[in-house]
Amino acid sequence: MSSSSAAPAAKPPIRDALVAAAFRLFLERGYEQTTVDDIVALAGVGRRSFFRYFPSKEDVVFPDHERCLADMTAFLAAGGAEHEPVRRVCDAARLVLRMYAENPAFSVQRYRLTRQVPGLRAYELSVVWRYERALAEYLRARFAGRPDGTLRADVIAAAVVAAHNNALRSWLRSEGKGDPGAAVDHALGYVQKTYGRPAQAAPAPARAASAAAGAPAGQADDVVVLVSRRDAPLWRVVQELETALGRG
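Owing to the predicted nature of the structure, the values given are computational and were not obtained by experimental measurement. (Residues numbered from 1 in each chain as written. Predicted model: local features only at pLDDT ≥ 70, side-chain atom pairs only at ≥ 80, totals over all residues. Heavy atoms only, no water.)

**Some details on the overall build of the protein chain**
So, step 1. Secondary structure summary: the protein chain contains 11 helices and zero strands in total.
So, step 2. The linear arrangement of helices and strands in the protein chain, starting from the amino end, is α-α-α-α-α-α-α-α-α-α-α.
So, step 3. Sorting the 248 residues of the protein chain into buried and exposed places 36% on the buried side.
So, step 4. Put simply, of all contacts in the protein chain between residues at least 6 apart along the chain, 65% involve residues at least 24 apart.
So, step 5. By element, 55% of the accessible surface of the protein chain is carried by carbon and sulfur atoms, the whole surface being about 14900 Å². (Helix = DSSP H or I, 4+ residues; strand = E, 2+ residues; numbered from the N terminus. Buried < 20%, exposed > 50% of the residue type's maximum accessible area, 1.4 Å probe, protein only. Contact = heavy atoms within 4.5 Å. Areas by Shrake-Rupley, 256 points an atom, 1.4 Å probe, with all protein chains shown as cover.)

**Looking at empty space enclosed by the protein**
So, step 1. Applying the stated rule across the entire model yields one cavity of 30 Å³ or more.
So, step 2. There is about 230 Å³ of room inside the largest cavity.
So, step 3. Surrounding the largest cavity, 21 residues form its lining, Val 96, Val 128, His 164, Asn 165 and Leu 168 being those nearest its centre.
So, step 4. For the lining of the largest cavity, the elements supplying multiple residues, two or more each, are α4 (65-77), α5 (85-101), α6 (104-116), α7 (118-142) and α8 (149-173).
So, step 5. For the lining of the largest cavity, the leading source of residues is α8, giving seven residues. (1 Å grid on protein atoms, 1.4 Å probe; cavity = no way out; pocket = protein on both sides within 12 Å on 5 of 7 lines; lining within 4 Å. Points joined across faces, edges and corners; volume = space filled by probe spheres on them.)

**Some words on α7**
So, step 1. The terminal C-alpha atoms of α7, which comprises 25 residues, lie 37 Å apart, in line with the 36 Å expected from a rise of 1.5 Å per residue.
So, step 2. Leu 120, Glu 124, Val 127, Val 128, Tyr 131, Ala 134, Leu 135, Ala 136, Tyr 138 and Leu 139 are the residues of α7 that are buried.
So, step 3. The inward-facing, buried residues of α7 contact α4, α5, α6 and α8. (Expected span 1.5 Å × (residues − 1).)

By themselves, these observations are geometric and do not establish any function.
Here it is, written out as structure tokens:
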């Protein structure tokens, strides 16, 4: 064999070959008409190989969600007290977007398929719920000292998922055209503005020195009086205060 001979193309990993074979058959025959035996025959592997990677036929439609969920959980666990919690869960949701944006053609294909097959739509909803639960568990731990901590955590987690999915599905309906990151950033920005804690700017050196000396500086003597119902939840009082200060 001469040194100029082209090397044979490397075979794709078994897992990737199974996904490719499955979607080719789903498009040609339909999801319901395609069996696991059909998929493994086209991929050139045995049934045991299929179930080594995918517990069911539904799982081959969502091959990357387990990895993405593990990445999200690890990202949240790595967050410390210095991370603003709402911003942190919004950043975690962007990991899901990145998974979809890595392969737009596949993501659009899968979106079409889930719209056509009710069973896949139900499966997808169960996957979305797992993402939401991971976000809520992180937020519950961060809000553990608040009387409304559990409620706030669950509401914010649901809002993050709803905002992310609204932007993501708009992008998928457009056949993957445009920048999905910009749309998701806009949607998640709405959540952060509504529920997040704004970043606090460090005081100017002169003002800090004046405050330390007990002398007035600029508007350091301003007083804000907030009137609120006695039974108003604490998070609402904080939100009203931030609005009054122009930080909402």
